[in-house]
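One letter stands for each residue in the lines below.
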Amino acid sequence: FGVVIVAMVVVGVLAFINTAAQVGPEHRGIVARNLAILIVTVVVGIVAVGLTLARPTVRGIEELASHTADIEAGQLDGHVDTDAQDELGSLYSSINSMRETIKQRIEEAEQQRERAVQAQEESEKQRERTEQARKKSEELATTLEERTDEFAETMAQTADGDLTARLSVESD
């Protein structure tokens with residue numbers, strides 16, 4: 001944009017020099033003023049056209065910046081729409097796709113977390129059942145050992161000739 005303005009000024013200066021060589025000294029001021037007005041008018045026109053053409057793009061970029069700030073803040077339920085079929089429209093589409101992908105990944109991560117919590121709870125229950133089974137097994141082993149000792153003692157008494165020795169009967 002700046003190159004265009006510089007080029008216009010250079011063309012204006014060259015036109016002024018060329019005109020000044022062909023016009024008498026009494027008319028040079030008028031020609032210079034007219035060329036200056038023409039150059040200013042063209043520059044103002046180009047700036048106005050540039051701003052008019054750039055404003056929708058700037059508004060679109062500002063809107064996208066707002067939506068990306070929403071995404072950063074964790075608001076993933078929105079959707080940005082545009083009728084633009086250019087690079088800006090492609091950027092809108094990419095933002096929407098990114099928003100949906102992030103939302104989907106968060107949902108998948110939440111499901112994975114829930115499954116991990118359930119697996120941890122099940123593991124804890126299984127550990128408790130295993131601990132209970134171990135304690136029961138130890139109790140049974142202790143009872144069996146005591147009964148075996150009683151049986152061995154009774155057998156020893158019987159072997160020593162005491163035929164009145166008896167085992168105590170307990171229900172298990």
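Conventions adopted
- Residues numbered from 1 in each chain as written.
- Predicted model: local features only at pLDDT ≥ 70, side-chain atom pairs only at ≥ 80, totals over all residues.
- Heavy atoms only, no water.
- Salt bridge = Lys/Arg side-chain N within 4 Å of Asp/Glu carboxyl O.
- Buried < 20%, exposed > 50% of the residue type's maximum accessible area, 1.4 Å probe, protein only.
- Patch = residues over 30% accessible without salt bridge, like charges linked within 9 Å, V, L, I, M, F, W, Y side chains within 5 Å.
- Areas by Shrake-Rupley, 256 points an atom, 1.4 Å probe, with all protein chains shown as cover.
- Lys, Arg positive; Asp, Glu negative; His and termini not counted.
- Charge placed at Lys NZ, Arg CZ, Asp CG, Glu CD.
- Helix = DSSP H or I, 4+ residues; strand = E, 2+ residues; numbered from the N terminus.
- Axes fitted to C-alpha atoms, helices over the stretch in contact; angles between N-to-C directions.
- Parallel < 35°, antiparallel > 145°, perpendicular 65-115°, else oblique.
- Contact = heavy atoms within 4.5 Å.
- Nonpolar A, V, L, I, M, F, W, Y, C, P; charged D, E, K, R; others polar.
- Expected span 1.5 Å × (residues − 1).
- Bend = angle between axes of the 7 residues up to and from the residue.

Draft legend 1. Just the pattern of salt bridges, in detail. A complete count under the given rule lists 7 salt bridges for this structure. Taking the shortest distance from any N to any O, the salt bridge between Arg55 and Glu62 comes out at 3.8 Å. Under the relative-accessibility criterion, Arg55 is labelled partly exposed at 36%. Linking Arg129 and Glu122 is a salt bridge whose minimum nitrogen-to-oxygen distance equals 3.1 Å.

Draft legend 2. Structural detail: a negative patch on the surface. Together, Glu145, Glu146, Asp149, Glu150 and Glu153 make up a region of like negative charge exposed at the surface. Relative to the helices and strands, Glu145 is located in helix α3 (residues 87-159). Given a relative accessible area of 53%, Glu145 falls into the exposed group.

Draft legend 3. Focus on the packing of helix α2 (residues 28-72) against α3. It is at 11 Å that the axes of α2 and α3 come closest, and there the two elements cross at 5°. By the criterion of interaxial angle, the relationship of α2 to α3 is roughly parallel. Across the interface between the two elements, Pro56, Thr57, Gly60, Ile61, Glu63, Leu64, His67, Thr68 and Ile71 from α2 touch Leu88, Leu91, Tyr92, Ile95, Met98, Arg99 and Ile102 from α3. Residue composition of the contact of α2 with α3, by class: 10 nonpolar, 4 polar and 2 charged.

Draft legend 4. Just α2, in detail. Counted at 1.5 Å a residue, the expected span for α2 with its 45 residues is 66 Å, and the 63 Å between its end C-alpha atoms agrees. The sharpest bend along α2 comes to roughly 35°, located at Ala54, with the proline Pro56 sitting one to four residues further on. Burial in α2 covers these residues: Val31, Leu35, Val43, Gly60, Leu64, His67 and Ile71.

Purely spatial values, then, with no claim about function.
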